[in-house]
Amino acid sequence: MDTWVKDMRKLNDIVDYCQTLYDDLNFTAARDWKAAKPGRHVIGYMPTYVPREIIHAAGMLPLGVLGGGDNLEVIHGDAYYQSYICRIPRSTIELAVTKRLNFVDGMLFPSTCDVIRNLSGIWKLLYPDVYSRYFDVPQNFTSAVGGTYYVQELRELAEGLEGISGTKITDEALNRSIDLYNKNRRLVNDVYNVRQVTPWKALSWEVYLLMRAGMVLPVEEHSQLMTDYLAAVQAEDRPKRDNCRVIVQGSFCEQPPLNLVKSIELAGCYIVDDDYMLVNRWLQDEVPTDGNPMENLADAFLNYSGETACKYVPEREDKGKFLIDAVRERRAEGVIFAAPSFCDPALLDRPMLSGALARENIPHISFKYAENSGQMQPIREQAGTFADTIKLWGEA
Amino acid sequence: MSNQTQITTPAASQEVIKDASMLKQKAMIADNYDKLTRAKELGLKVASTYVPGNLNELIMCFDMLNNLPEINAIQNGMRKKSGGMIMDAEKMGHSEDVCTYVKADIGNMAKGSIAPNGKPMPVPDLLLLSYTGCFTFLKWFELLRDQYGCETAMLHVPYTGDGIITDNMRDYVVKQLKEVLIPTLERVSGVKFDIDRLREYLRQSAKAEDDLVWVLKSAKNTPSPIDAYFGGVFYIGPIFTAFRGTPDAVEYYQLLRGEIEQRIAARMGPVTPDGDLGEEKYRLVVEGPPNWTSFREFWKMFYEEGAVVVASTYTKVGGVYDYDGFRHDPDNPLESLAEYCLGCYTNRNLPTRVDMIEQYLEDYQADGLLVNSIKSCNSFSAGQLMIMRTIEERTGKPAAFIETDLVDPRYFSPANVKNRLESYFQMIEQKRRAGGSARAA
Ligand code: SF4
Ligand code: SF4
């Protein structure tokens with residue numbers, strides 16, 4: 001008997017465990033991991049994408065920092081930001097100044113938008129002794145230009161991490177890490193595929209929690225958890241509802257409250273794809289595990305990474321194609337644009353994407369949220385009406 | 001003064017004195033809009049591009065004109081037309097939360113892209129997306145490309161997150177210039193690239209930049225002969241827009257320098273829309289862009305109180321020439337274009353922005369820092385409260401904060417701004433009494 005079958009956990013246990021991780025704003029799991037062995041380090045990162053393989057190969061734990069959600073009281077963070085700036089930077093600062101991130105040895109701020117970019121500078125001013133890096137990715141996608149630049153950026157990132165650990169990241173170690181993350185991405189895709197086929201079994205809020213667990217657990221444990229979930233969910237007998245199938249788009253940075261994910265489902269929409277935690281599946285294919293690993297990671301980014309508002313689309317006719325392809329592949333009936341208030345990337349992108357959807361006659365609606373939104377009734381009503389409309393169209 | 005002319009400005013319907021430099025700039029701008037709106041007839045190709053990271057010298061190498069959507073938005077803001085354009089764009093589905101420059105531009109397009117001379121702007125032949133210091137740029141040109149369907153070339157300028165320009169960043173930008181931009185410009189314009197032509201333009205740029213820096217630094221005098229924010233936006237005009245690298249720009253800055261030399265000799269304060277400033281009471285450093293829709297009213301709130309801006313960060317958004325001495329360099333043409341882009345103000349990390357402001361406060365003997373927080377602009381605004389706090393801690397000088405918007409009149413509340421400014425001036429007075437800040441002489 002395979003070990004995973006022997007050790008297989010019940011669905012409720014898995015989901016409860018993920019919920020505990022999600023609720024824990026002290027990141028106890030990551031703290032425990034660090035404390036378990038002397039010399040361990042934890043590197044925080046914000047959305048949207050960082051190559052976690054490199055952190056892992058340095059013997060470190062990548063820790064996704066996705067804001068404070070709806071359970072964190074933001075007291076200090078508001079003093080750092082004007083009212084018209086989104087929530088995630090202020091709650092992230094709150095996590096830091098309340099010492100919830102005091103075990104983190106470094107922070108990475110990806111090139112998602114100007115708010116995260118400038119947060120990297122705030123970090124440097126607040127914590128000058130902690131390693132922090134604005135992590136840039138190329139917007140030129142040819143290997144001789146963007147690729148060369150990116151490989152060097154990856155090397156500089158690796159050197160920064162080596163400075164913390166005092167040990168060199170070898171190609172062998174990096175290739176091993178790539179292998180582990182390849183496996184992790186396969187499982188993430190399996191979970192998404194299972195949800196696509198049987199969304200009444202793999203409920204979206206559970207899948208959400210399962211993906212969130214990947215932000216705080218070592219990759220090996222997260223992969224095991226997904227394996228367990230996949231087995232448990234198949235065995236589960238859950239009623240199939242007459243819901244429509246939607247893709248949620250625009251939530252790639254500041255995360256919606258879990259209640260919002262639940263509300264969409266309760267309102268009659270099965271979420272069959274989303275862009276919640278893109279880091280889990282940003283690279284759309286296996287990264288080779290031999291040869292030069294930095295070049296392989298760069299190549300993967302240039303040639304088969306996902307698409308989101310923070311990435312330039314070089315050709316006009318390709319704008320929105322990624323989303324339309326997802327609608328087709330996932331057999332979605334509509335798209336819900338759910339973007340954080342004041343989120344420039346998502347909100348500036350929205351008119352182009354909705355134009356592309358309209359040209360294909362794909363129904364869509366949009367609303368805004370904040371990570372601490374409490375009132376779900378309006379969203380539930382909007383999503384409910386959307387579901388009804390789609391059903392009516394479908395029957396017409 | 002010998003080189004002044006009495007003219008009447010329609011906006012204010014009042015007599016003001018215009019210096020020769022102002023008249024020259026006005027003529028340059030009018031001529032540029034004339035060329036832009038007659039581009040087809042003149043057989044000229046047009047590149048739309050942004051102020052930060054604008055490659056005017058390079059564009060000129062291809063006999064192309066340079067059209068800057070931010071400047072058009074500003075023009076529409078100052079003419080009080082942007083409010084309606086923004087609302088039109090919102091009706092078209094653009095979020096109320098995003099940058100109003102973008103919406104003013106899109107709203108203007110829907111109305112036929114009318115230039116300040118009343119004639120329609122041409123459809124650009126190329127969108128030159130110099131992605132420098134602002135994320136919105138990337139989306140803005142994707143949106144324009146969606147509408148115009150014209151060719152778009154991206155120049156990705158990496159953000160200097162660690163406060164330094166690395167070789168990797170410079171090489172990356174140079175490579176893009178060589179392998180993407182220049183071939184695209186050659187193809188679109190039909191003109192072959194000549195690096196010596198570029199060198200010559202860069203030589204002219206450096207000359208103009210020397211004089212611009214001299215002008216900006218003249219604010220170290222007491223009283224300051226210039227206002228480096230409200231006046232500053234006019235002084236940077238030629239260098240920010242379509243004229244860097246031209247003999248016209250060199251001449252403009254020579255004229256301006258001459259005028260300011262005279263003001264210093266006569267111990268005169270800056271020119272304001274109501275004539276020369278009287279007593280200089282407060283010397284300020286300002287961070288953030290101005291409000292354009294009520295520009296005069298906004299400025300008046302300062303000069304009426306005798307407040308002069310002696311240094312501003314906004315005037316560095318299209319290039320930083322004073323802080324670390326950057327000049328366009330004809331001997332290293334492409335590298336210097338890369339460094340220019342990499343060094344624009346909003347492409348610098350927050351700690352560098354704080355260092356710059358701290359140095360301005362010191363060098364220009366300012367009483368304090370005023371932040372104009374712009375609702376539209378995350379690139380500037382996200383982090384400004386941290387900048388204020390750090391500056392106060394480091395210098396002991398008072399910092400204050402007002403909130404407006406660039407071109408959306410809904411976010412300019414005169415009473416609020418005035419109240420805050422008055423309290424701020426009182427705060428400076430209190431500091432002075434407590435011996436915390438040097439009294440302007
Ligand atoms: S929510 Fe949007 S605007 Fe805010 S930090 Fe994230 S990407 Fe930037
Ligand atoms: S966000 Fe700021 S820098 Fe960017 S286009 Fe708007 S006003 Fe300009």
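Just above sits the structure.
Residues numbered from 1 in each chain as written. Chains lettered and ligands numbered in written order. Predicted model: local features only at pLDDT ≥ 70, side-chain atom pairs only at ≥ 80, totals over all residues. Heavy atoms only, no water.

Draft legend 1. Quick look at the overall build of chain A. The secondary structure content of chain A amounts to 15 helices and eight strands. Its C-alpha radius of gyration of 20 Å places chain A within 12% of the 21 Å reference for a compact globule of 396 residues. Seen through its principal axes, chain A has C-alpha atoms that stretch 65 × 50 × 45 Å. Out of the 396 residues in chain A, the part that is buried amounts to 64%. A separation threshold of at least 6 residues defines the contact pool for chain A, and within that pool the share at least 24 residues apart is 75%. (Helix = DSSP H or I, 4+ residues; strand = E, 2+ residues; numbered from the N terminus. Rg over C-alpha atoms; globule rule 2.2 N^0.38 Å. Buried < 20%, exposed > 50% of the residue type's maximum accessible area, 1.4 Å probe, protein only. Contact = heavy atoms within 4.5 Å.)

Draft legend 2. Structural context of the interface of chain B and chain A. In this assembly, 58 residues from chain B lie in contact with 56 residues from chain A. Summing the contributions of chain B and of chain A, the shared interface buries around 4,800 Å²; its carbon and sulfur component is 57%. As a salt-bridge pair, Asp162(B) and Lys124(A) come within 2.8 Å of each other at their nearest N and O atoms. Along the contact surface separating chain B from chain A lie 32 residue pairs in polar contact (both at pLDDT 80 or more). (Buried area = accessible area lost by both parts, 1.4 Å probe. Salt bridge = Lys/Arg side-chain N within 4 Å of Asp/Glu carboxyl O. Polar contact = N/O pair within 3.5 Å; in protein donor to acceptor, adjacent residues only side chain to side chain.)

Draft legend 3. Spotlight on the packing of helix α9 (residues 195–217) of chain B against helix α12 (residues 247–265) of chain B. Residues and elements named next belong to chain B. Close contact between α9 and α12 brings their axes to 9 Å; oriented N to C, the two are set at 20 degrees. For the element pair α9 / α12, the angle class is roughly parallel. The interaxial crossing formed by α9 with α12 has left-handed handedness. Contacts from Gln204, Lys207, Ala208, Asp211, Leu212, Trp214 and Val215 in α9 reach Pro247, Ala249, Val250, Tyr253, Gln254, Leu256, Arg257, Ile260, Glu261 and Ile264 in α12. Partitioned by chemical class, the residues of the contact of α9 with α12 number 11 nonpolar, two polar and four charged. (Axes fitted to C-alpha atoms, helices over the stretch in contact; angles between N-to-C directions. Parallel < 35°, antiparallel > 145°, perpendicular 65-115°, else oblique. Left-handed = near helix turned anticlockwise from the far one by under 90°. Nonpolar A, V, L, I, M, F, W, Y, C, P; charged D, E, K, R; others polar.)

Draft legend 4. Layout of helix α10 (residues 219–235) of chain A. All names here are of chain A. Its 17 residues place the ends of α10 25 Å apart at the C-alpha level, agreeing with the 24 Å of an ideal helix rising 1.5 Å per residue. α10 sits mainly inside the fold: 12 of its 17 residues count as buried. Among the residues of α10, those classed as buried are Val219, His222, Ser223, Leu225, Met226, Thr227, Asp228, Tyr229, Leu230, Ala231, Ala232 and Val233. (Expected span 1.5 Å × (residues − 1).)

Draft legend 5. Here's a closer look at the packing of aromatic side chains. All names here are of chain A. Inspection of the entire model under this criterion finds 38 aromatic pairs over all chains. Consider the rings of Trp282 and Phe301, whose centres lie 6.4 Å apart with planes at 40 degrees: the pair is tilted. Taken together, the positions of Trp282 in the loop between β6 (269–273) and α12 (293–304) and Phe301 in helix α12 put the pair 19 residues apart, joining distant regions of the chain. Accessibility assignment for this pair places Trp282 and Phe301 in one class, buried. Taking NZ or CZ as reference, Lys262 lies 4.4 Å from the ring centre of Trp205, over its face. (Phe/Tyr/Trp six-rings, centres within 6.5 Å; stacked < 30°, edge-to-face > 60°. Lys NZ or Arg CZ within 6 Å of the ring centre and 35° of its normal.)

Draft legend 6. Spotlight on the pairing of strand β10 (residues 307–312) of chain B. All names here are of chain B. Burial of β10 is extensive: six of the six residues sit out of reach of the surface. Pairing between strand β9 (residues 282–287) and β10: five bridges, direction parallel. Within β10, the residue paired with Arg283 across the bridge is Val308. (Pairing = 2+ DSSP bridges.)

Draft legend 7. Summary view of the site of ligand 1. Residues and elements named next belong to chain A. Around ligand 1 there are 13 residues in total, and Cys86, Cys113, Ile116, Cys253 and Cys343 lie nearest to it. Those elements that place two or more of their residues in the shell around ligand 1 are α6 (114–126) and α14 (344–359). Across the shell around ligand 1, the residue classes tally to 10 nonpolar, one polar and two charged. (Near = heavy atom within 4 Å.)

Draft legend 8. Representation of the sheet that holds strand β4 (residues 64–67) of chain B within the structure. All names here are of chain B. With parallel pairing, the four strands of this open sheet are ordered in space as β4-β3-β5-β6. Strands with a single pairing partner mark the edges of an open sheet, and in this sheet they are β4 and β6 (151–156). Adjacent strand axes in the sheet meet at a mean angle of 25 degrees, parallel and antiparallel pairs treated alike. The pairing of strand β3 (residues 45–48) with β4 spans four bridges and is parallel.

Draft legend 9. Structural view of the site of ligand 2. Ligand 2 sits among Cys99(B), Tyr101(B), Cys134(B), Thr136(B), Phe137(B), Trp140(B), Cys377(B) and Leu406(B). For the shell around ligand 2, the residue count by class is seven nonpolar, one polar and no charged.

Draft legend 10. How the structure looks around helix α8 (residues 167–189) of chain B. Residues and elements named next belong to chain B. Here α8 is 23 residues long and its end C-alpha atoms lie 31 Å apart, about the 33 Å a rise of 1.5 Å per residue gives. The largest bend along α8 measures about 40 degrees and falls at Leu177. Two residues or fewer after α8 comes Gly190, characterised by a positive phi angle close to 75 degrees. (Bend = angle between axes of the 7 residues up to and from the residue.)

Draft legend 11. Representation of the side chain of Arg145(B) in the model. Position of Arg145(B) among the secondary structure elements: in helix α7 (residues 136–148). Comment: no salt bridge for buried Arg145(B); closest opposite-charge side chain is Glu142(B), at 4.3 Å. (Lys, Arg positive; Asp, Glu negative; His and termini not counted.)

Draft legend 12. Inspection of the layout of surface pockets at higher detail. Residue and element names in this part refer to chain A. There is about 530 Å³ of room inside the second largest pocket. If you trace the second largest pocket, you find 28 residues lining it, with Asp273, Arg281, Gln284, Phe322 and Ala326 closest to the centre. For the lining of the second largest pocket, the secondary-structure elements that each account for two or more residues are α8 (171–197), β5 (244–249), α13 (321–329) and α14. Ranked by residues supplied to the lining of the second largest pocket, first place goes to α13 with five residues. When its residues are assigned to classes, the lining of the second largest pocket shows 10 nonpolar, eight polar and 10 charged. (1 Å grid on protein atoms, 1.4 Å probe; cavity = no way out; pocket = protein on both sides within 12 Å on 5 of 7 lines; lining within 4 Å. Points joined across faces, edges and corners; volume = space filled by probe spheres on them.)

Draft legend 13. Looking closely at the nonpolar core. One finds Ile54(A), Leu63(A), Tyr229(A), Ile336(A), Leu58(B), Tyr101(B) and Phe302(B) to be the most contacted residues of the largest nonpolar core, which totals 276 residues. For Tyr229(A), the residues in contact, after removing those within four places along its chain, are Leu11(A), Ile14(A), Val15(A), Val191(A), Lys201(A), Ala202(A), Leu203(A), Glu206(A), Val207(A) and Leu210(A). Of all hydrophobic cores here, the second largest spans 13 residues; its members include Ile247(A), Val272(A), Val335(A) and Leu357(A). (Core = buried A, V, L, I, M, F, W, Y, C linked by side-chain atoms within 4.5 Å.)

Read these as layout, nothing more, since geometry by itself doesn't imply function.
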